[in-house]
Amino acid sequence: MSPYPSQISVDEAIELVCSKTPMGPPERVPIDLALGRTLAKRLASRADHPTVDNSAMDGFACRMVDTAEASEDDPAILAVVGEVPAGRPYQRSVGLGEAVRIYTGGAVPCGADAIVPVEVTRERAGRVEVLEPARRNHIRPKAQDLKAGRSYLEPGTRLDSASIGLVAAMGHATLSVVRKPRVGILATGSEVVAPGGTLKPGQVFNANAYSVAALVHAAGGEPVHLPLVPDDAGALEGVIGENLGLDLLLTSGGVSMGRYDLVRDLLLDGGEVFFWKVAMRPGGPVMFGRWRGLPILGLPGNPVSSVVVFLLLGRAFLDTFLGRSDPLPYHRRVKAQAGQTFRASGAKETFQRVRILRHAGSAVAITTGNQSSGVLRSMVEADALAILPGGTEVAEGDDLEVIPLHPHLG
């Protein structure tokens, strides 16, 4: 019996990753640098919004009783006694038979209890003819949107344009967010060459480091590119033994069963292994552990496998570190209709790349074609990953669970 879990389910692997991931520390940032960051502390409004009853439109503030019977044939005629631009309150009270010209956002003056839109008035010689009754619902009441002291954003919120606007509306110039995790990106293997170089027979360009770094960046982390490491144990230990200030190291390759799988040997011989191998395809030979205090997630060397494992397990680390409240990609599933028959790859949970088409109002999933884990272009063509539990088959026309790869599908 191995001293670490092996051939575990994706759910079990996610649980282990989350349980071994520390919560990231907070830091303060200005609001204009907060987009995409994760809120670390509950945020309350510093003021009511609006601070007073104000007008929802341009028009006239008046007493509702003065216009109750107003119509085009028999307009109410009111004396215009002033105006209220936004930010400049009217200092007097509005009396019977009076109206004050008011602009959107203007404070409703004392005495007025309704607004009539400018479109249903005719103004002439210091008077206004009102062609329909003024309405109370054209007034936005004080604190309709925000109440001072009440919290409106919770820790774990990923800040988008709407929540950034809310932060500003609540009066905060800076806010507390979780520090971005620093994630090392390390490709291994003497066959791997940096893009821009020249390939010898049997060599490949280093695509994995760049696709995974882009995924780290999109997930809210800070990718740190490390030098390529050949098939040399000393070189591997030398690179990751430096004090890099990393929160996680993602390696590409070196975790399977071969003679040159050096990341595997590093963790087995001198580190801790939390699990090795997950019952999934692609991406089965994944290893998670720790070496000299540094968490290491060893991704498989095949490019599709590395992307899929990051989406399912790497995101579990980053989202836990950031304290995110949103569901992980593995749990953020939607239903589609199978556009063909799909089969799992043996007893392993299988993730197939699919395109989503719209047909008669339904989302229909069809394969991107070749499902080899070495065909990276299939990820470009894919809209989602179809989930097939081990040993299952989904017939054409049946429901199929998929993980969206693009926001518009989720």
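Structure shown above.
Analysis parameters
Residues numbered from 1 in each chain as written. Predicted model: local features only at pLDDT ≥ 70, side-chain atom pairs only at ≥ 80, totals over all residues. Heavy atoms only, no water. Helix = DSSP H or I, 4+ residues; strand = E, 2+ residues; numbered from the N terminus. Buried < 20%, exposed > 50% of the residue type's maximum accessible area, 1.4 Å probe, protein only. Areas by Shrake-Rupley, 256 points an atom, 1.4 Å probe, with all protein chains shown as cover. Lys, Arg positive; Asp, Glu negative; His and termini not counted. Charge placed at Lys NZ, Arg CZ, Asp CG, Glu CD. Core = buried A, V, L, I, M, F, W, Y, C linked by side-chain atoms within 4.5 Å. Contact = heavy atoms within 4.5 Å. Pairing = 2+ DSSP bridges. Axes fitted to C-alpha atoms, helices over the stretch in contact; angles between N-to-C directions. Parallel < 35°, antiparallel > 145°, perpendicular 65-115°, else oblique. Left-handed = near helix turned anticlockwise from the far one by under 90°. Patch = residues over 30% accessible without salt bridge, like charges linked within 9 Å, V, L, I, M, F, W, Y side chains within 5 Å. Salt bridge = Lys/Arg side-chain N within 4 Å of Asp/Glu carboxyl O.

Asker: How would you sum up the overall build of the protein chain? Please name residues and give values.
Answerer: Looking only at helices and strands, one finds 7 helices and 29 strands in the protein chain. Projecting the C-alpha coordinates of the protein chain onto the three principal axes gives extents of approximately 95 × 50 × 45 Å. Out of the 410 residues in the protein chain, the part that is buried amounts to 47%. Summing over all exposed atoms, the protein chain offers an accessible surface of approximately 19,400 Å²; the carbon and sulfur share of this is 51%. With 41 positive and 44 negative side-chain charges, the protein chain shows a spacing of 4 Å between the two charge centroids.

Asker: Describe in detail the nonpolar core, supporting the description with residues and values.
Answerer: The biggest cluster of nonpolar side chains holds 43 residues, and the ones touching the most others in it are L250, F275, V278, L312 and L313. Of all the secondary structure elements, the ones that give two or more residues to this core are α1 (10-19), β14 (182-187), α3 (207-218), β18 (248-252), β19 (272-278), β22 (294-299), α6 (303-322) and β27 (384-388). With 13 residues, α6 is the single largest residue contributor to this core. V278 has contacts with Q7, I8, S9, V10, A13, G284, V286 and L313, leaving out every residue within four places of it along the chain. With 21 residues, the next largest nonpolar core counts L226, I240, L267 and L294 among its residues.

Asker: Account for the sheet that holds strand β21 (residues 287-291), naming residues and giving values.
Answerer: Taken in spatial order, the 7 strands of this open sheet run β1-β19-β21-β22-β18-β14-β17, and their pairing is mixed. Bordering the open sheet on either side are β1 (6-8) and β17 (222-225), each of which pairs with just one other strand. Going across the sheet, the axis of each strand differs from the next one's by a mean of 30 degrees, ignoring polarity. As judged from the 4 bridges shared by β18 and β22, these two strands associate in the parallel manner. Within β22, the position partnered with T251 by the bridge is G298. Here helix α4 (residues 233-240) sits on the sheet and contacts β14, β18, β21 and β22; the angle it forms with β14, its principal contact strand, is near 165 degrees. Across the sheet, α6 lies against β14, β18, β19, β21 and β22, angled at about 160 degrees from β22, the strand it touches most.

Asker: Can you explain the sheet that holds strand β5 (residues 59-62)? Please cite residues and give values.
Answerer: An order of β8-β5-β7-β6-β10-β9 is seen for the 6 strands of this open sheet, with the pairing classed as mixed. Single-partner strands in this sheet number two, and they are β8 (114-117) and β9 (121-124). If you compare each strand with its neighbour and ignore which way they point, the axes differ by 35 degrees on average.

Asker: Please provide a residue-by-residue account of helix α5 (residues 262-270), values included.
Answerer: Of all the positions in α5, only L262, V263, R264, L266 and L267 are classed as buried. On its buried face, α5 sits against α4, β18, β19, β21 and β22.

Asker: Lay out the packing of α3 against α6 with the relevant residues and their values.
Answerer: Direction vectors running N to C along α3 and α6 enclose 30 degrees, while the axes themselves pass 10 Å from each other. Here α6 runs roughly parallel to α3, going by the angle between their axes. The handedness of the crossing between α3 and α6 is right-handed. Within the contact between the two elements, α3 uses N208, S211, V212, L215 and V216 and α6 uses P303, S306, V307, F310, L311 and L318.

Asker: Any details on the pairing of β18? Residues and values, ideally.
Answerer: Most of β18 is tucked away, with 5 of its 5 residues classed as buried. Side-chain alternation along β18 places L248, L250 and S252 on one buried face and L249 and T251 on a second face that is also buried. Sheet topology places β14 next to β18; 5 bridges connect them, and they run parallel. Among the inter-strand pairings, I185 is bridged to a residue of β18, identified as L250.

Asker: Could you give me a rundown of a negative patch on the surface, with the residues and numbers involved?
Answerer: Taken together, the side chains of E69, E72, D73 and D74 present a region of like negative charge at the surface. Turning to its location among the elements, D73 is positioned in the loop between β5 and β6 (76-84). The exposure class assigned to D73 is exposed, which follows from its relative accessible area of 80%.

Asker: Report on unusual backbone geometry, specifying residues and quantitative values.
Answerer: Omega for the bond connecting H49 with P50 falls within 30 degrees of zero, at -5 degrees, which places this linkage in the cis form. Of note, the amide linkage connecting R281 to P282 takes the cis form, showing an omega dihedral of 0 degrees. Inspection of the secondary structure assignment puts P282 in the loop between β20 (280-281) and β21. Even without being glycine, A143 reaches a positive phi, approximately 65 degrees.

Asker: Lay out the pattern of salt bridges with the relevant residues and their values.
Answerer: What the rule picks out here adds up to 19 salt bridges. Note that E129 is salt-bridged to R122, the shortest N-O span being 3.0 Å. Judged by its relative accessible area of 15%, E129 falls in the buried class. Residue classification places R122 among the partly exposed positions, given a relative accessible area of 32%.

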